[in-house]
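Chain by chain, the residues run as shown.
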Amino acid sequence: MPTDNHPDPVVEIADVQDLARDVLAIPNRGVDLVPNIGVIGGTHSVLVVDTGMGPRNAEKVLAFAAEQAKGRKLYLTTTHFHPEHAFGAQVFAGEATYLVNRAQAEDLAHKGESYLAMFRQLGEPVARELEGVDLPAPDRVYDGAFELDLGGRIVQLRPTGRAHSSGDQVVAVPDAGVLFTGDLAEAGQFAIFPWFPPYDTDVSGVAWIEVMERLAAEAPRVVVPGHGAIGDAQLLADVRDYLRELRDETWRRRDSAMSEQDITEEVRSLMIERHPDWTMREWIERGVGCLCAEHARHHAPANTVPGSAD
C-alpha cells in the first residue's frame, strides 16, 4: 500500500445528500480512506451501504441510520471487504442483519486479517481508527444477485465478478435510478489497483473493463462512487475509458518488448498528462503492473497449454 501521510480517515455526518426519496449518501468530503456511504429506506426496512473504517466511524453511521430508520428494521451490506468499507461491521451486530455475496465473504474470511495488519502500517491516524477491530462473519451470504425487499422498494445487491477485488458488488436502487459502485468507480482520481504480488493479485484490469462497460450501458441517473464526488452515468464512462487507455497504452508497449520499468514510467507520464487534475497517481504504477501480468495471459502463443510449466 502507498504509505503517504494520510489525514484522519474520519466519517463526518455532514452535507448528507438526498439522492431520491429515502435514499441518502454520506459523502466522503474528499478525505482519503473514507468511503461514500449509503442509507436506503423502504416502508419497513433500511439498508446501510458500507461502514467506514473501524468501530468509531461505524458507530456514527449506525446512529445516523437508526435515526433515519425510526424503528424500521436495519440491514447492512458492503461493496467489498476492504477496511474503509467493511471493517466497522462489528458495531452493527445485534442491530442490523449483515449480508454480503459469497465471494466477498470468502475475501473477508481469507484476507481480512492480512488487510487489517497492512492498513495498520499506513500511519497513526489509520491505526487509531482500526483499534479494536473485530471481523464478524456475515449473518447471511448469498450466491448470485440478491433482491432485498425494504417495503415498497426492492434493492438489488449484484456481485460483478472479479474486478477491483474478487468480491465486488454494486448496490442498485432501480426505482430511484441510483447505483452505489464501491471502488469499481472513483471520481477525480486514478482507479485503485490493489496489485501486491505475490500477496494479493485478485484485481483484474481486463475484467474490470468488462464490468464498467456493462455498468455504463445501464446509464443510471445517479452514481455514488467509492470515493469522490457523486455524479451520473458519465462517471462510469470516464472510468471505463481510463481503464481502456491504461490497458491499451500498457499492452502496446509490452508488445514491443519494452521493460516493465520503462513501460511504467512512460504510461505514468502519459496518464498524468491526460488527467492532470486526478489524484492518487501512485495507483497508476500498480495498474500497469497488473496489466503487464494480464498481457502475458492474453497474448500467450497458440500452442501454449494454460497452466503448463515454462
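Residues numbered from 1 in each chain as written. Predicted model: local features only at pLDDT ≥ 70, side-chain atom pairs only at ≥ 80, totals over all residues. Heavy atoms only, no water.

Draft legend 1. A look at the side chain of H227. Of note, H227 is situated in strand β12 (residues 222–227). By relative accessible area, which is 4% here, H227 ends up buried. Within the structure, H227 has its side chain in polar contact with the side chain of E84 (distance 3.2 Å). A polar atom in the side chain of H227 sits 3.4 Å from the side chain of H85. (Helix = DSSP H or I, 4+ residues; strand = E, 2+ residues; numbered from the N terminus. Buried < 20%, exposed > 50% of the residue type's maximum accessible area, 1.4 Å probe, protein only. Polar contact = N/O pair within 3.5 Å; in protein donor to acceptor, adjacent residues only side chain to side chain.)

Draft legend 2. Representation of the sheet that holds strand β5 (residues 73–77) within the structure. Spatial strand order, β1-β2-β3-β4-β5-β6-β7: 7 strands in an open sheet with mixed pairing. A single partner strand is all that each edge strand has here, and the edge strands are β1 (17–20) and β7 (140–142). Across the sheet, the mean angle separating the axes of adjacent strands is 25° when strand polarity is ignored. Bridge count for strand β4 (residues 45–49) against β5 is 5 bridges, and the pairing is parallel. Its bridge partner being in β5, V48 is matched across the sheet by L76. Set on the sheet, helix α1 (residues 54–69) makes contact with β2 (23–26), β3 (37–41), β4 and β5; between it and β5 the angle comes to about 140°. The sheet strands contacting helix α3 (residues 102–119) are β6 (97–101) and β7, and the helix crosses β6 at an angle near 105°. (Pairing = 2+ DSSP bridges. Axes fitted to C-alpha atoms, helices over the stretch in contact; angles between N-to-C directions. Contact = heavy atoms within 4.5 Å.)

These results come straight from atomic positions and should not be treated as a statement about function.
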